[in-house]
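A structural walkthrough
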Amino acid sequence: MHAIQQQYWAVRDYLSPVLKESKFKEHGRITPEEFVAAGDFLTYKFPVWTWEKGDASKAREYLPNDKQYLLTRGVPCLRRATSLAYTDEDEDAERLLSFGDLSSTGNEADEWVETHAGRPSNHDSAGNVGVIDDIPDVDDGVSGAMGGLSISKGGEDAIPDIDDIPDIDDDVVEEEDEATAAPSKSQPKVITADEVEVAKGNLLQVRTYDVMITYDKYYQTPRIWLIGYDENRTPLTPSQIFQDVSADHAFKTVTIEAFPHSATLQAASVHPCKHASVMKKVIERMNAGVIEEQQAQRKGPNSNSGTSTPKDKQKKWLFSRRTSGGKDDKSAVATPTGEEDVEGMRVDFYLVVFLKFIASIVPTIEVDSTASF
Amino acid sequence: MPIVQFTPFSSLVEPTFWHSLTNLKIDVLKLEDHALPVNATYSTGKSIVDRESGQEIGLGCTISLGADSFKSEQEGLSTSTTADSHSVTIHGLFKNYNTLEEFKAADKTALFNQLSQEIWESISSGSTTKLSKFLLITFADLKKYKYYYWFAFPAFVAKPPWEIVGDWESAEDVLGSDLLSRIHTLTSASTPPLPFFLVQNEPGKKVSIAPVEEYSKFFEGVPDEHRTIAFLDPSSSPSNPGWPLRNLLTYLHHHHPSTSKHRILCWRDSERQNGRWKSRFGVVSSSGAKEDGGVRPTSVGWEKNVQGKLGPRMADLGPMMDPKRLADQAI
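Computed from a predicted model, the values in this text were never measured in an experiment.

Right, let's get into the overall build of chain A. Looking only at helices and strands, one finds twelve helices and six strands in chain A. Look at the contacts in chain A between residues 6 or more apart in sequence, and 66% of them connect residues 24 or more apart. Carbon and sulfur atoms provide 53% of the accessible area of chain A, an area that totals close to 17900 Å².

Encoded structure:
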């Protein structure tokens with residue numbers, strides 16, 4: 001079924017026309033050119049993001065060859081989104097785990113249960129995704145991805161069975177090496193006591209994510225993809241990834257699908273069907289503020305008296321990046337609404353805004369490095 | 001004086017690497033199990049501030065392998081179009097075994113020694129290009145989508161060990177923000193990125209950097225207090241420099257045995273964040289005579305597994321690759 005669905009999506013994606021006209025303010029959708037412009041801005045302002053080519057055979061012809069999708073690696077995820085979820089019954093309870101609890105054992109699941117012993121267990125069964133009623137149980141026992149996951153099962157998934165890994169340490173003997181920094185948990189041999197404290201705080205193991213942004217031709221919006229790694233840097237299973245998705249979105253808008261720029265890779269993705277309307281709302285709100293600011297500026301001495309038709313403005317949003325060099329960008333960053341007589345928000349900011357929106361779906365993954373905006 | 005403790009490399013293997021290994025195994029290698037070259041990258045140590053506790057959290061000392069790790073330089077190492085001047089590609093030896101038994105029975109010590117010897121010969125010949133090399137042995141259980149692997153990052157053991165004079169300090173406090181931003185400009189401009197470099201900041205002269213190979217010429221006439229040896233540091237721990245420094249110190253000691261103290265700059269800034277530089281600075285010294293420089297020192301560096309013991313790791317990609325299990329979780 002899933003395969004058929006994916007085939008259908010592929011065909012639909014193939015058949016849908018490439019959006020030509022810029023309408024990002026009217027309905028929140030953007031053209032591939034605008035996606036590139038916004039991506040250029042993002043990679044310029046936040047160098048953690050880079051453009052990627054992806055698999056050459058999967059290249060989309062409406063995007064430049066070397067700008068197929070955006071990637072940032074190793075985005076930290078400090079705690080589970082499920083630990084953020086709270087309902088009426090929890091109002092008095094502590095809403096968040098303190099970070100010290102997490103670090104001391106590395107097993108946030110246990111800590112959560114311990115600190116909230118009185119909590120109904122069905123709410124968040126030990127850090128796993130809450131039981132979601134409308135998903136049928138699968139009884140083949142293989143699927144770790146299903147909602148009704150028991151605690152022990154989750155544990156097995158997280159840590160590979162020790163028996164599975166061949167025990168071959170007998171033939172590799174390394175002498176005690178005093179110059180190797182000890183991992184966080186064990187007591188370092190030489191460092192003095194107060195230094196140990198520092199080391200502990202800084203050597204915490206956290207989950208990390210590789211985050212990709214692609215352009216979805218059918219929905220005409222960017223689309224976010226996630227590949228997760230656990231504290232020991234082994235890939236996360238779907239059920240573990242869903243722990244980092246806010247409960248409202250897990251299993252509904254976030255699914256595991258084939259990554260469009262790779263022949264084989266599967267990744268978790270936020271389904272883009274609602275992106276356009278949400279983006280429209282956010283942009284409207286931001287735009288109003290930006291216009292106000294611009295009008296205030298225009299009254300000032302630096303005002304640019306030129307007037308232009310709306311069509312000209314749209315052209316500017318589209319091509320402002322190409323015509324302006326790196327230095328212009330800097331000024332554009334400092335005074336985003338400055339010199340150019342563009343009314344309202346520029347499309348360059350689209351992805352910055354988009355990341356803020358995504359941050360609400362995956363609240364604990366720090367995708368939004370754009371806090372300065 | 002406390003002994004310098006280095007943060008070991010920790011491997012991060014992207015699922016795309018296992019995908020390319022699968023393709024390689026099925027389409028090219030088949031039952032071959034000869035050693036192949038492989039690439040990995042590391043970049044400056046990252047740390048982030050936790051928004052809730054305000055704590056600074058370091059993100060390990062990772063070395064990552066991805067889809068393009070099997071590609072040779074001619075094919076284009078990186079799919080990324082914006083080359084990062086603060087990320088270094090290192091080369092390694094890859095060996096895949098056909099059965100779990102062969103994987104278990106592999107002569108790991110021999111492979112490790114072979115690689116250590118290669119690094120040592122490179123040090124003796126005066127080159128720093130092979131200071132960080134790694135070994136990766138794998139067994140791919142393609143039917144179950146399980147990948148067993150074990151990394152080794154050979155590093156030479158100094159006897160007696162290097163000691164730190166005082167403590168590791170913020171480079172900004174010791175060297176000043178000005179010098180750091182100059183170094184940042186210089187390193188950002190260098191392509192390919194320099195994993196190790198020398199810095200001289202003699203007053204009255206322009207700050208300049210040079211490859212470590214040019215040590216004697218570059219530092220000629222430069223007073224000791226203006227000689228700094230820097231390396232791109234993947235560690236983010238304040239008091240532990242990253243693994244690459246180990247072999248660099250071996251190199252320095254081998255070629256400049258008369259210098260017992262080195263000013264070390266652990267370069268950790270790919271960009272300046274919140275107006276602060278994160279790089280660390282320290283003076284390391286070796287006390288007493290070292291053993292004869294001509295003999296290869298012992299080396300260590302097998303990666304520990306999840307349990308913290310010496311042993312292989314396993315990546316289970318079943319949940320993300322097995323069509324059946326993927327279909328199960330799809331709505």
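Quick look at the overall build of chain B now. Each helix and strand counted, chain B has nine helices and 16 strands in total. Across the 331 residues of chain B, 58% fall into the buried class. For chain B, the computed accessible surface area is about 13300 Å², with 52% contributed by carbon and sulfur atoms.

Here the focus is the pattern of salt bridges. With the rule as written, the count across this model stands at 17 salt bridges over all chains. Within this structure, A:Arg80, A:Arg207, A:Glu231 and A:Asp244 form a network of salt bridges that share partners.

To continue, consider unusual backbone geometry. With an omega of -5 degrees, the peptide bond running from B:Lys159 to B:Pro160 counts as cis. Along the chain, the position of B:Pro160 falls in the loop between strand 8 (146-156) and strand 9 (163-170). Notably, A:Gln220 is not glycine yet its phi reads approximately 55 degrees, a positive angle. Within the element layout of this structure, A:Gln220 appears in the loop between strand 3 (207-216) and strand 4 (221-229). Even without glycine at this site, B:Lys30 takes up a positive phi of about 50 degrees. Residue position: B:Lys30 is located in the loop between helix 1 (15-29) and strand 2 (36-43).

This part covers helix 1 of chain B. All names here are of chain B. By the criterion of burial, helix 1 is predominantly enclosed, with eleven of the 15 residues buried. Of the residues making up helix 1, those classed as buried are Pro-15, Thr-16, Phe-17, Trp-18, His-19, Ser-20, Leu-21, Thr-22, Leu-24, Lys-25 and Leu-29. Once helix 1 ends, the next one or two residues include Lys-30, with phi positive near 50 degrees.

Here the focus is the sheet that holds strand 9 of chain B. Strand pairs in the sheet, formed through backbone hydrogen bonds, run parallel or antiparallel to each other. All names here are of chain B. Reading across the sheet, the six strands line up as 9-14-13-12-10-11 and stay open at both edges, with mixed pairing between neighbours. Unpaired on one side and paired on the other, strand 9 and strand 11 (208-211) mark the two borders of the sheet. Sheet twist, expressed as the average angle between the axes of neighbouring strands with direction ignored, equals 25 degrees. Here helix 5 (residues 177-189) sits on the sheet and contacts strand 10 (196-200), strand 11 and strand 13 (261-267); the angle it forms with strand 13, its principal contact strand, is near 70 degrees. Running over the sheet, helix 7 (residues 244-255) touches strand 9, strand 10, strand 12 (227-232), strand 13 and strand 14 (280-285) and is turned about 140 degrees from strand 12.

Note that B:Ser20 resides in helix 1. Look past the residues within four positions of B:Ser20 in its chain and what remains in contact with it is B:Gly66, B:Ala67 and B:Phe70.

Next up on the list: the packing of aromatic side chains. Summed over the entire model, instances satisfying the criterion amount to 28 aromatic pairs over all chains. Both rings, one in A:Trp225 and one in A:Phe259, keep their centres 5.3 Å apart while their planes meet at 85 degrees; by these two values the pair is edge-to-face. Taken together, the residues A:Trp225 in strand 4 and A:Phe259 in the loop between strand 5 (254-258) and strand 6 (266-270) connect sequence positions 34 residues apart. Since its relative accessible area comes to 2%, A:Trp225 is described here as buried. What makes A:Phe259 buried here is its relative accessible area of 2%. For the ring pair B:Phe70 and B:Phe94, a centre distance of 5.0 Å and an interplane angle of 75 degrees mean the geometry is edge-to-face. Here B:Phe70 is found in the loop between strand 5 (62-65) and strand 6 (87-97), whereas its partner B:Phe94 is found in strand 6, with 24 residues between them in sequence. We classify B:Phe70 as buried; its relative accessible area is 18%.

What counts, and at which threshold
Residues numbered from 1 in each chain as written. Chains lettered and ligands numbered in written order. Predicted model: local features only at pLDDT ≥ 70, side-chain atom pairs only at ≥ 80, totals over all residues. Heavy atoms only, no water. Helix = DSSP H or I, 4+ residues; strand = E, 2+ residues; numbered from the N terminus. Contact = heavy atoms within 4.5 Å. Areas by Shrake-Rupley, 256 points an atom, 1.4 Å probe, with all protein chains shown as cover. Buried < 20%, exposed > 50% of the residue type's maximum accessible area, 1.4 Å probe, protein only. Salt bridge = Lys/Arg side-chain N within 4 Å of Asp/Glu carboxyl O. Pairing = 2+ DSSP bridges. Axes fitted to C-alpha atoms, helices over the stretch in contact; angles between N-to-C directions. Phe/Tyr/Trp six-rings, centres within 6.5 Å; stacked < 30°, edge-to-face > 60°.

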